[in-house]
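# Examination of the molecular architecture
Here is how the chains run, residue by residue.
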Amino acid sequence: MPPTALPTASRLPPPCRDEIHRVQALLAGLRAAGGLDWSRVIDSARPWVQAVRDQPAPFWAMESLLREYPISSAEGLALMRLAEALLRVPDAETAIALTADQLGRADFDGAADGSPHQLLAKLSSSAIGLAKRLLPEAGGGQPGQPGLLDRLGAQTVVAATVRAIQLLGKQFVLGRHIAEALGEARSARKASAQLRFSFDMLGEGARTMADAQRYLASYSQAIGAIASATSGADPVTRDGISIKLSALHPRYEESQLDRVLAELLPVVCGLIDQAAAANINLTIDAEESDRLELSLIVFDALAAHVQAAHPQWAGFGLAIQAYQTRAREMIDAVAAIARQRGLRLMVRLVKGAYWDGEVKRAQELGLAGYPVFTHKHHTDISYLACAQALLGHGELIVAQFATHNAGTIAAILAMAQDSSARFELQRLHGMGEAVYREVLAARPDIGLRIYAPVGEHRDLLAYLVRRLLENGANSSFVHQLADAGVTPEALLHSPLLAAQHPGQPAPAALFGNGRRNSAGLDLAVPEQRAPLLAAAANAAVPVVAEASVAGVAATMAALHAAWPAWTATPVAQRAAVLRAAAELLEQRTTHFSGLLVREAGKTLGDGVAEVREAVDFCRYYAQQAQERLQPIALPGPTGESNELRLHGRGVFVAISPWNFPLAIFAGQVAAALVAGNCVAAKPAEQTPGVAQAFVELLFEAGLPRSVLALQHGPGETVGAALVAHPATAGVCFTGSTQVAKHIQRALAASDGPIVPLIAETGGLNAMIVDSSALPEQVIDAVVQSAFRSAGQRCSALRLLCVHEGIAEPVIAMLRGALAELRLGEAGDYATDVGPVIDAPAQAHLSQHVARLQASATLIARSPLPSQHAATHIAPVAFEIDSITALREEVFGPVLHVLRWRGEVDALVAQINALGYGLTLGVQTRIDSRALRIAANARVGNVYVNRNMIGAVVGVQPFGGEGLSGTGPKAGGPHYLYRFCAEQTLTINTAAAGGNAALLASAGLGD
Ligand SMILES: Cc1cc2nc3c(=O)[nH]c(=O)nc-3n(C[C@H](O)[C@H](O)[C@H](O)COP(=O)(O)OP(=O)(O)OC[C@H]3O[C@@H](n4cnc5c(N)ncnc54)[C@H](O)[C@@H]3O)c2cc1C
């Protein structure tokens, strides 16, 4: 594979800009284009709203469903979660457990008596009632799920719920396959001739090449079928297709740009050739904001193909999301492509379907702001500004306005009145039918295209849930239209006013006023990525002199001498040093990330994440120290004051590992220092440079040089001498269980004071996957947890336990996902898995893999380019038949997979019996099961339905039990106490002759 051809500059402005300014600029643009008379908009839309409300939607319509079971309620949530999972569960036991779990937590009748049995009975009747209304002859055979009813037997509630959800889903899917969907489209057109369709083949994004090939085949077949069925003069009047690029390639990501260009482009060009030959519209759906620049690059390249091969075809298009802050500029960029290439394009304008995910991603990455607007009406403003711009580009672009909002539709029709631009309206199948019935009655001249999902039940689920979520949101137009309590005026009120503040706290403010969230980098933005790439290529790792065993005594003596003054330093002053260090470190994120890449072989993303963790540790322990290390006044008899005080213990020895040479090093040192200890810090032999750079930064931040000494050297000599020194008042260690035991024994053998040990060690971490889990989500979590950072995290997944009911598809997907992982240089943006830490580790892991090859069944191994054969370990998965095959932690990208059946509690007991207790992943849709597993598991960190790495300071305090460590958890509220000694101070305040305070207060009452 050639080196990644990365753009060095964005085509669009930065994604996170000041929202209020951005919206004001959009409003100014609308005003400059003549403005919008909103009272006219209301006049047009009010009769539509009234008519829709006068003729209520059928009971199965989204509007009716939301009225009965709003998503914000427990019942709506239960229904939505059942809809998402129940139909795909293969075994009866899990189906019953899932249904009981979800329905059991909701009260469909509003009863408050709390009896689970009574509730379930009521819920059952409600579910059955819903099923009966959907299908009056409920009770017969079950389409699409043969045999399930029989297997469930008396569990009528489960059967009824399954049927209810199946039928609900049908309202949003036009057909199970393209032929059925085309038939439905034909029938619909009999009633309304101006209808056109854009067919969408349902499914999750591809995780494997096999997935991508399946989607390609179904798109290609669909285009063929549409081509022979559709009529009309041009793409605007003919049916068309919508495609998702993430379905056509498992790595549709900016970091894999070379593969996207080399592998995805030809595939899409093939579909384009088919669509152009059929003269139909092919639209590329809009996905997440971190793919926006990428989509523009790809779209431009595809437009070049259209220009060369089909210059007359006017059916090529893409969707643009108005909720993105860059939407308006995106439209001009697409128009520029059309102009430059002499093409006529089609652009579907939507508001955007992934708002919640975008907000979460920005918070998790600590971005400078949000790439999407944070007020609903700002999205509406952007939509109108984009619509205005699209109409303005009428000679280049046919606009396709996709919305169910009557106010937005009326505003667009008002704007379009003075424009000669060609446009159409669009809605989703199963939504907005009533509004469009009224709109088309008023404007029969306007074309309406229906976005029509096609697919089997299994593929429908994620789509259905997205629609339920989107429409269940209080701010959604469909939701408010269904609520008779919202007056037409409120429903249609003008969005055309910028809010004063963003609607979400900035990602930096996630943790409230006490502590700023660390700032991250968005690697999808070339301007943020470029300095990082340069730092990774050029950072000079400090050379650190080794400490000698002979010198340890003098170092410890000096630290011991400095301790009284340091522990007497006010906590606020010690905390201020950490805060200053956090600021400096954050300013130097790029530099320190570069050091981590060069010295520890971290990938770019891992490097940035680690710097952020170190920043968070400094801020968190500063805050904790000020909140928790203050004297506490204690109650007692009169004439006496009692106070509990905390102070440093003396000299702490901090011994940290190479896998987090900055974050763990900084966390240990910062905690010990802020608690009032002096520190002898011994970094791992492999990574002293990063540690040295951080120590220098602490001194720059104001830490007295006398209170911290870096002692680089071998653990067996320098580390052992530090631990054994009589001045050592505590040891904080992160590393292997074996070395922790060694330290424990050494401390126990010493004759001096009893020295506390804080040990964070390894784990044999498992993930339990039951048959209600979604395989795609499982694979995402597994790949990140087991193979990211080359598996060199103590939290990494080592043992994947998959329920036998879904083991085959999960293992097949894992095989495909392993084939997609890319090994490479740590500093290459395209690299998923970098080198392991050193040659001994590489040799040890290679031996383990060789052993497994003889004793277990190989599932798959990622490709290992020959130039990395000596430095890397290719991620690999083996199936084992017993948990007992696992004995010790293997610190690399080696995953063991086990199929399980029967009771999950027995599996948890076996995992507990391994003796380790660090992290556990759980993948299930049965909430009560997840909670039970967590309660029974003897582990420190449980992660449900997500990956199990990347604990965030103060959010997921980290650390285990048993063979995995002593606690308290790093980054948690109890950590600092272990670095302190406690003292009570009792003063007899009546010693000087009597209790003046008591007498004075008693006197007051006389
Ligand atoms: C034909 C068609 C095709 C579509 N294709 C795509 C696609 O390719 N990609 C895609 O992402 N979506 C797509 N969608 C989905 C579309 O984004 C949503 O259906 C649409 O946003 C709902 O908008 P509305 O105007 O109907 O409803 P409204 O109720 O007027 O708008 C709801 C929208 O506002 C936004 N919003 C909600 N709360 C906030 C907030 N606090 N701050 C800022 N914004 C907020 C959300 O985007 C939400 O979807 C498509 C929709 C249609 C009709």
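Below, the structure is looked at part by part. Values in this document were obtained by computation on a predicted structure and should not be read as measured data.

The rules behind each value
Residues numbered from 1 in each chain as written. Predicted model: local features only at pLDDT ≥ 70, side-chain atom pairs only at ≥ 80, totals over all residues. Heavy atoms only, no water. Helix = DSSP H or I, 4+ residues; strand = E, 2+ residues; numbered from the N terminus. Rg over C-alpha atoms; globule rule 2.2 N^0.38 Å. Buried < 20%, exposed > 50% of the residue type's maximum accessible area, 1.4 Å probe, protein only. Contact = heavy atoms within 4.5 Å. Lys, Arg positive; Asp, Glu negative; His and termini not counted. Charge placed at Lys NZ, Arg CZ, Asp CG, Glu CD. Pairing = 2+ DSSP bridges. Salt bridge = Lys/Arg side-chain N within 4 Å of Asp/Glu carboxyl O. Phe/Tyr/Trp six-rings, centres within 6.5 Å; stacked < 30°, edge-to-face > 60°. Lys NZ or Arg CZ within 6 Å of the ring centre and 35° of its normal. Near = heavy atom within 4 Å. Polar contact = N/O pair within 3.5 Å; in protein donor to acceptor, adjacent residues only side chain to side chain. Areas by Shrake-Rupley, 256 points an atom, 1.4 Å probe, with all protein chains shown as cover. Nonpolar A, V, L, I, M, F, W, Y, C, P; charged D, E, K, R; others polar. Axes fitted to C-alpha atoms, helices over the stretch in contact; angles between N-to-C directions. Core = buried A, V, L, I, M, F, W, Y, C linked by side-chain atoms within 4.5 Å. Expected span 1.5 Å × (residues − 1). Bend = angle between axes of the 7 residues up to and from the residue.

### Focus on the overall build of the protein chain
On a plain count of helices and strands, the protein chain comes out with 36 helices and 25 strands. For 1006 residues, the compact-globule estimate of 2.2 N^0.38 gives 30 Å, and the C-alpha radius of gyration of the protein chain, at 32 Å, lies within 12% of that figure. For the protein chain, the C-alpha atoms occupy an extent of roughly 95 × 90 × 65 Å along the three principal directions. Counting the 1006 residues in the protein chain, one finds 59% classified as buried. Counting only contacts in the protein chain whose residues sit at least 6 apart along the sequence, the fraction spanning at least 24 positions is 78%. Seen as two clouds, the 81 positive and the 91 negative side-chain charges of the protein chain have centres 2 Å apart.

### Some points on the pairing of strand S10 (residues 640–648)
Sheet topology places strand S9 (residues 632–634) next to S10; 3 bridges connect them, and they run antiparallel. Across the sheet, the residue bridging to Leu 634 is Asn 642, located in S10. Counted between consecutive antiparallel strands, the loop separating S9 from S10 contains 5 residues, among which Gly 639 sits at a positive phi close to 85°. Both S10 and strand S25 (residues 980–988) contribute to a ladder of 9 bridges, which runs antiparallel. Pairing of Glu 640 across the sheet is with Asn 988, part of S25.

### Some thoughts on the environment of Ala 387
Position of Ala 387 among the secondary structure elements: in helix H16 (residues 376–392). On a C-alpha basis, the gap between Ala 387 and Met 415 in space is 8.4 Å, while along the polypeptide they are 28 residues apart. Beyond its immediate sequence surroundings of up to four residues, Ala 387 is in contact with Leu 349, Phe 401, Ile 412 and Met 415.

### Remarks on the pattern of salt bridges
In total, this model carries 50 salt bridges according to the counting rule given. With a closest N to O distance of 2.8 Å, Glu 643 and Arg 645 form a salt bridge. Glu 643 sits in the partly exposed class, given a relative accessible area of 24%. Look at Arg 645 and you get partly exposed, because its relative accessible area is 33%. Across the salt bridge formed by Asp 770 and Arg 929, the nearest N and O atoms sit 2.8 Å from each other. With a gap of 159 residues between them, Asp 770 in the loop between strand S16 (765–769) and helix H31 (775–787) and Arg 929 in helix H35 (residues 927–936) connect regions that are remote in the sequence. Arg 929 carries the same exposure label as Asp 770, and that label is buried. Connected through salt bridges with shared partners, the residues Asp 200, Lys 244, Asp 285 and Arg 348 form a single ionic network.

### Side note on the packing of aromatic side chains
Summed over all chains, the structure comprises 11 aromatic pairs. Grouping aromatic residues by their ring pairs yields a cluster made of Phe 617, Tyr 620, Tyr 621, Phe 652, Tyr 975 and Phe 979. For the cation-ring pair, Arg 515 lies above Phe 511, with the distance from its terminal atom to the ring centre recorded as 4.2 Å. Here the guanidinium or amino end of Lys 602 rests over the ring plane of Phe 660, the centre of that ring lying 4.0 Å away.

### Focus: the side chain of Thr 403
Tracing the chain through its elements places Thr 403 in the loop between strand S6 (397–402) and helix H17 (406–416). Excluding anything up to four places from it in sequence, Thr 403 contacts Lys 351, Tyr 383, Thr 408, Ile 409, Gln 426 and Tyr 436.

### Points about the site of the ligand
Around the ligand sit 30 residues in total, of which Gly 352, Thr 379, Thr 403, Glu 470 and Phe 477 are the nearest. Within the contact set of the ligand, a nitrogen atom lies 3.3 Å away from a side-chain nitrogen or oxygen of Trp 355. A distance of 2.8 Å is found between an oxygen atom of the ligand and a side-chain nitrogen or oxygen belonging to Asn 405. Coverage of the ligand by the protein chains reaches 93% of its 940 Å² of free accessible surface. At the level of secondary structure, the elements contributing two or more residues to the shell around the ligand comprise strand S4 (316–321), strand S5 (345–350), H16, strand S7 (423–428) and helix H19 (457–472). Top contributing element to the shell around the ligand by residue count: S7, with 3 residues. In terms of residue class, the shell around the ligand is built from 12 nonpolar, 11 polar and 7 charged.

### Digging into unusual backbone geometry
A cis amide bond, omega -5°, links Gly 967 with the succeeding residue Pro 968. Within the element layout of this structure, Pro 968 appears in the loop between strand S24 (961–962) and S25. Of note, the phi angle at Ala 790 is positive, near 50°, even though the residue is not glycine. Position of Ala 790 relative to the elements: it lies in the loop between H31 and strand S17 (797–803).

### Some points on the sheet that holds strand S1 (residues 195–201)
In spatial order, the strands read S1-S2-S3-S4-S5-S6-S7-S8; together these 8 strands close into a barrel with parallel pairing. In this sheet, adjacent strand axes meet at a mean angle of 30° when their direction is disregarded. Pairing geometry for S6 and S7, over 4 bridges, is parallel. Across the sheet, Ala 399 pairs through a bridge with Phe 423, a residue of S7.

### Points about the nonpolar core
Among the nonpolar cores identified, the biggest contains 117 residues, and Phe 199, Leu 282, Phe 316 and Phe 401 are the most heavily contacted of them. No other element matches the 11 residues that helix H12 (residues 257–278) contributes to this core. The contact partners of Leu 282, leaving out residues within four places of it in the chain, are Ile 223, Ile 241, Ile 243, Leu 271, Ile 272, Ala 275, Trp 313, Gly 315, Phe 316 and Gly 317. In this structure, Leu 629, Ile 664, Ala 666 and Leu 747 belong to the second largest nonpolar core, which totals 88 residues.

### A look at H12
In this model H12 runs 30 Å from its N-terminal to its C-terminal C-alpha over 22 residues, within 8% of the 32 Å that 1.5 Å per residue would give. Taken as a whole, H12 carries its principal kink of about 35° at Leu 264; the proline Pro 266 stands between one and four residues after it. Positioned one or two residues after H12, Asn 279 has a phi angle of 55°, which is positive.

All quantities given are derived from atomic positions and should not be read as evidence of function.
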